[in-house]
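Structural overview for review
So the chains spell out like this:
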Amino acid sequence: MLHTVEDSSALDLFVEVLVRLVVELKSEQYLRCILDESQKELCKANTMRGSLPTFTLLGKLADAIPGFADILVVEHSNLVDHLLMGLMYPNEGIKAAVCYLYGKLYSSPVGTERLSAHFEERLCDLFLNTLGRAQTKELQVNCLGLLKELLKSDHFVSILMNNSKTEEESENPDFLEGENPLPLVLKKLLLTRDEMLQAASSHCVTAVLVHSPSRYAPAFIHADVPEFLFECLSCNSEILIWSVYCCLLLLTEEHLFFSKCHTVYGIESLVRSLQDVLQLNNVELHKQGLLLFTEILKRQPVEIKLFTNRGVCIEAIDVLMETVNCPVLEVVVEAVRAVAAFLRKDHLSSPPVPYEELQKLLEAVLKRCADLSPPQSSKRHAGDLLFSVSQSHPANRNLSRVPQRQGQFLLNTLESFRNACRLAVEFQSDPMAQENAFTAPNSESKDTLSNFSEFLLRICDSLCIPMVMNYLERAVSPSVMEVFISTLNTLFTVVPNMRNKFSEKLASSSFIRLTLELKARFCSVQSNPALNQACSSFLCSLCLSLYSATEKKRTSSQEEQEMSELLQKGLPQLNYTIAESLLLLAETPEPFSLDQSLCSHQHCFILLLYFAYTLGDRFVPEAELFLAVRNFLLSAQDHGDCPPPYILRAALYLLAVCQDKGKALDLRSLCTIRRILDNLPDLSLVYVHCPLLLKFFLRYPELMGRFGHQVLQLWFSWGACKQAETEEAGFGVSDQLNSANPILAILKNNSSILLILLDLVCSSSVEVAWKVLMTLRTFLERNEDVLVCDLLRSQFLQILQQLLVESSSASLQANRNLPVLLSLLFLVQLRSKGVRELDSTDFKLLHQVSNLCGKCRPRDTDLLQPSLNFLYWSLHQTTPCSQQRVAVLLSNVSLLELLQKVLECTWLRSPPSEPAYLSSEDALLCSGWLLVASLLLYQHRYNTEVHQTLSLDLTEVLNAVIFRKKKPILLLVSIMQFLRAVLRQNFSSSLLVIIGQNTAQGATQPQPSSLQDASLHPLAMRQVFSLVVSLQNLLVHVQLQKDLPLSQAVVACLETLVEYLYMKNQDVALHVASQPWHQFLLFTLLNGGQKSFLQPEVLRLMTLFLRYQSSNIISQKEISQILQEAAEANLAELPEATSRALHLFLCQIQSSHCQVEPVQSGTIQTLLERLMGQRSTCGRHKDIVASMPVKSWKPKDDLSTFKVQRAFGNC
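Everything quoted here is computed from the prediction, not taken from an experiment. (Residues numbered from 1 in each chain as written. Predicted model: local features only at pLDDT ≥ 70, side-chain atom pairs only at ≥ 80, totals over all residues. Heavy atoms only, no water.)

1. Some thoughts on the pairing of strand E1 (residues 950-953)
- Of the two faces of E1, only one is covered, namely that formed by Leu950 and Leu952; the face formed by Ser951 and Asp953 stays uncovered.
- Bridge count between E1 and strand E2 (residues 992-995): 4 bridges; the pairing is parallel. The residue bridging Leu952 from the neighbouring strand is Ile994, located in E2. (Buried < 20%, exposed > 50% of the residue type's maximum accessible area, 1.4 Å probe, protein only. Helix = DSSP H or I, 4+ residues; strand = E, 2+ residues; numbered from the N terminus. Pairing = 2+ DSSP bridges.)

Take a look at the structure:
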């Protein structure tokens, strides 16, 4: 009946019913019966077309009944011959049925074994031919089904791939084409538009490659199968895409896959496929695609550029960015691995490099990893974190508390960042990668290597390091730390100009301790060699970077090379704990031992401690370290070993830093240090500019006596060097005082160091001398020790005498240190503020300085300025018992001749562009005028003999004040001080010859133009009025600047002028005092700033007008207001100048017999009593300024420049 049914649908129904019936009966008898009948039918069939129902029934039974295929193969093997005949029949329906049955037979292990020879000898070629020529989908599908079963066996795969061919034949495409092998057959199926056939074909390729990619992949690659696999990625079938991903992933294991440029051809298709796949909700497909992408990126040969199109590279970055931000952690892990593989120079070398996109990608990776980590519990240093993990979890050598996936994710993230850093370093040697070559002219591009490198350093500081520190709180993984440490080591060369700052930050954050702990914990007994090498390289780079940052003044490339060789050799073996390393320092090598490993370990550990301590990471207790370093020096000396200078420098620094926590060194230790230092050619080789090291050397007399001078010389030299590195403009005394502070405390406890400092002033460079000068000045200002001043004066006299004896006039003027010595002498003199008797030292100093001035020229401002300051101050310490001071100066003819020339320079100098600026020449003029004024005063007071007179043109002097011509105010005040002196002496002095206008024109006697001029001789009335007006204007000017000393000097000059006029002609004096513009002057002063009568200028002017009965200027109303304001004020809080001016005003009211009310009289008396009580401890009122401009000297480029500070006393 089966063979009589011709309708295909009826036949299918009949076969289905028969199969179900047999399955339900479950009887082998019926199966054997069916097999027997089937064999008979096949044997008697006239044509093969009639065998189709039989083949169909057998195939269905083999599919439905598990053991049917075994029975057929074992008991009816002759049926197989009919199957071969069916494959040769030109009917694809029969071939499809036969292939289906073959597939069921070979799916059985028994069938595979029994039919193995059959396949090799008879079926293989016929099957490949059938598959290659199949036209109907049914035959193609059944053939692929049979092929899938065959490919499960390595033996059948070998037969199908025709492994008997030689290697040369396998590589011949023409030979492959002629034999029609399996790769070409499967490639043909990939060309179809049927996604199911394409998926089945790629499955078969994968099934072949699974057995041995290296053995079978070349055949597929030569057949260009990868090219068509990449083309299939443009489909929408997830099954096909998955199959292609798996197949290509296996092909990546063969180098030929890359060398034939299949990846270059297909990378764009892969990137586009990943873009489409990411829109699907298939996590496994995402992971498989990223895995394929990663393998291609990793295995792509360097010499073959993968991304030939920059647009594809940008698309790849976009894909990686999207996958990094995926919510599924498994996908993110694969994405980060792909990022790590992507960051290679050959992948990104097509200009312009997309630096900006890479920054965004790396930032996304690091932020994603940081987001997955729990928040950091505390902000601790790196070494503390590792120490805490080690203590709390002694057995935790893996990621026990951290999920394995998160640990792996962190590792992949760090690898990505490390590759990015390496990429930046590699691009430094590529000019095309420095910046975007396509940037428009006159525009700035962000796509530059410089910006990218700075980004890497910045994000490492803000994200990478905190993320790893957070990880260290929970666990420590050697693989993670190896990548992290090697990344930090690479960062040293990413931004070379930031290397020093980066190194200092790492060292100050305990990374030296962290690395040592890692080595001790994971690298002992030669374990974890990669981590050990990374840590050792990092410590070596860190130390060398810190060396170049902290030792800028040392430019010895040989020392740096020796240090580098020492660290490279010794650090890999330095895998001890901190405690073990401290014990190691005290060990002594065996005598005659050639093994230098112990010495190398000691030196490396000392260097690491030195650099850590310089940056504040004191991870070893100071007392223990002090003892260990001391023992190291003793051991080295006993062994006869002399450590290199950089090791000694580190050891001495550590001793100095730990001295306060350790015991004082004994005599043996001090002698050892002294012997070691004596063997050095130069102490600067071991010097570190640190206050503690200075204190260490000056603490012990054994060291200070031998090395104190050199250490102080180095201290000030290095300080000057550091100052030169800072900005020159705006450097004030306060900055200098701050740098001098460390030595001030040492000076206070050991004043004998002053002798060394004085010697430095004389013997050192001008830079060092100035630094010493400022230090001594600060010390003198803060310490009330007269004995110190006497010591300084005595020592200074010896130095000055030596210089004057050994030097001629020309050499003195060329001596750069002499101005500093003179400035110091003036400072010492200024320190003695009280009046003191003249001793032999003072007399000799006065004599030497005055003689020195006589040898100078007016342009020698650097020498004359401090000298005239000293002479001026010495005069103001004159008492009746020390009149020799005046005599010494007046007997020095050369000095007076010099002063004559200095004063004449006042008329010769052109006015400066800025009147407020006081140049060194103007300052010298100020000193000259003030000194001459003082000489006039004291010569007149003591009637001292004069050996040389001074001559001045009075008209020039008056015009200097009347017509200021932008002269500095301080110079005007100095001239006014001189004018006061000659006014008080009525222009009659044996020291001074006044030259009037007529005298200057050659007349023998002055001829006044009027009686008033005659009474005021040598002044003229017009000069008087001009001078008064000028003084008023000057008073307003300086009062607006709130310069109290200058304003009082102007008022004092006005007072002296009116006194002179009153003595010469009372009518003129009263007329001048009652001028109405005085009232306007008072109004201006009262409305300038304080708006109070209790101002010294206002009170002194009021006193002046009261004295000369200028009722039109000051009335009873103003007097009442002043008394009321004074009564309400707290007199104890008034400045001394204001109190003195108020006292004079009140006394003037009483002496003038002004009409005041009885109540006001009582107020006046009460105020006077209170003021007298306060003034009982005050000094007398001085006629001339008590101090003069103090020069603050600073050298610059071997030329002396000056900056004047005014210190006027009360007038």
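2. Quick look at the side chain of Gln939
- Looking at where Gln939 falls in the secondary structure, it is placed in helix H49 (residues 920-942).
- For Gln939, a relative accessible area of 3% translates into the label buried.
- Of note is the side chain of Gln939, whose polar atom sits 2.9 Å from the backbone oxygen of Thr944.
- Other than its neighbours up to four places away in sequence, Gln939 contacts Val886, Leu890, Thr944, Val946, Ser989, Ser990 and Leu991. (Polar contact = N/O pair within 3.5 Å; in protein donor to acceptor, adjacent residues only side chain to side chain. Contact = heavy atoms within 4.5 Å.)

3. Looking at the packing of helix H44 (residues 818-831) against helix H46 (residues 861-875)
- Between H44 and H46, whose axes approach to 8 Å, the crossing angle comes to 20 degrees. Judged by the inter-axis angle, H44 sits roughly parallel to H46. Pair H44 / H46 crosses with left-handed handedness. Packed against H44, whose contacting residues are Leu818, Pro819, Leu822, Ser823, Leu825, Phe826, Gln829 and Leu830, the element H46 presents Asp862, Leu863, Pro866, Ser867, Asn869, Phe870, Trp873 and Ser874 at the interface.
- Looking at the contact of H44 with H46, its residues break down into 10 nonpolar, 5 polar and 1 charged. (Axes fitted to C-alpha atoms, helices over the stretch in contact; angles between N-to-C directions. Parallel < 35°, antiparallel > 145°, perpendicular 65-115°, else oblique. Left-handed = near helix turned anticlockwise from the far one by under 90°. Nonpolar A, V, L, I, M, F, W, Y, C, P; charged D, E, K, R; others polar.)

4. With respect to the confidence of the model for the protein
- Here the protein shows a mean pLDDT of 82. Residues at 70 or above account for 84%.
- pLDDT under 50 marks residues 997-1005. Its contacts with residues more than four places away, or in other chains, come to 6 contacts. (pLDDT = per-residue confidence, 0-100.)

5. Remarks on the packing of aromatic side chains
- The tally for this structure, following the rule as stated, stands at 24 aromatic pairs.
- Measuring from ring centre to ring centre gives 6.1 Å for Tyr355 and Phe427, while their planes differ by 90 degrees; the resulting arrangement is edge-to-face. One end of the pair, Tyr355, is in helix H23 (residues 355-372); the other, Phe427, is in helix H25 (residues 404-427), with 72 residues separating them in the sequence. Like Phe427, Tyr355 is buried.
- An aromatic cluster of three or more residues is present, and its members are Tyr102, Tyr106, Phe119 and Phe156. (Phe/Tyr/Trp six-rings, centres within 6.5 Å; stacked < 30°, edge-to-face > 60°.)

6. Some remarks on helix H17 (residues 238-251)
- Its 14 residues give H17 an end-to-end C-alpha distance of 20 Å, which sits within 8% of 20 Å, the value for a rise of 1.5 Å per residue.
- A large share of H17 lies buried, amounting to 11 of its 14 residues.
- Residues of H17 that are buried include every one of Leu240, Ile241, Ser243, Val244, Tyr245, Cys246, Cys247, Leu248, Leu249, Leu250 and Leu251, and no others.
- Among the structural elements, helix H14 (195-211), helix H15 (213-222), helix H16 (225-232), helix H18 (256-259), helix H19 (262-277) and helix H20 (283-299) are those in contact with the buried residues of H17. (Expected span 1.5 Å × (residues − 1).)

7. A word on the pattern of salt bridges
- One pass over the structure, following the stated rule, counts 25 salt bridges.
- Put simply, Lys137 and Asp194 hold a salt bridge, and the shortest N to O gap is 2.9 Å. Pair noted here: Lys137 is in helix H9 (residues 137-150) and Asp194 is in the loop between helix H13 (182-190) and H14, with a separation of 57 residues, a long-range link.
- Across the salt bridge formed by Lys298 and Glu295, the nearest N and O atoms sit 4.0 Å from each other. In this pair, Lys298 and Glu295 are both assigned in helix H20, 3 residues apart and thus about one turn of the helix distant.
- A residue is classified by how much of its surface remains accessible, and Glu295, at 12% relative accessible area, is buried. (Salt bridge = Lys/Arg side-chain N within 4 Å of Asp/Glu carboxyl O.)

8. Some remarks on helix H22 (residues 329-342)
- The end-to-end C-alpha separation of H22 is 20 Å, in line with the 20 Å expected for 14 residues at 1.5 Å each.
- Extensive coverage of H22 is indicated by the burial of 11 of its 14 residues.
- All of the buried residues in H22 are Val331, Val332, Val333, Glu334, Ala335, Val336, Ala338, Val339, Ala340, Ala341 and Phe342.
- For H22, the elements touching its buried residues are H20, helix H21 (310-324), H23 and H25.

9. A closer look at the environment of Leu343
- Turning to its location among the elements, Leu343 is positioned in the loop between H22 and H23.
- Along the chain, Leu343 and Arg418 lie 75 residues apart, while their C-alpha atoms are 9.2 Å from each other.
- Excluding its chain neighbours within four sequence positions, the residues that come into contact with Leu343 are Leu348, Leu358, Leu362, Ser416, Asn419, Ala420 and Leu423.

10. As for unusual backbone geometry
- In this structure, Pro1018 follows His1017 across a cis peptide bond, with omega equal to 10 degrees.
- Positionally, Pro1018 belongs in the loop between helix H53 (1011-1016) and helix H54 (1021-1040).
- Look at Asp224: it is not a glycine, yet its phi comes out positive at around 60 degrees.
- With respect to the helices and strands, Asp224 occurs in the loop between H15 and H16.
- Positive phi, normally seen in glycine, also occurs at Asn986, with a value near 55 degrees.
- Mapped onto the fold, Asn986 is located in the loop between helix H51 (969-984) and E2.
- Its relative accessible area of 29% is what places Asn986 among the partly exposed residues.

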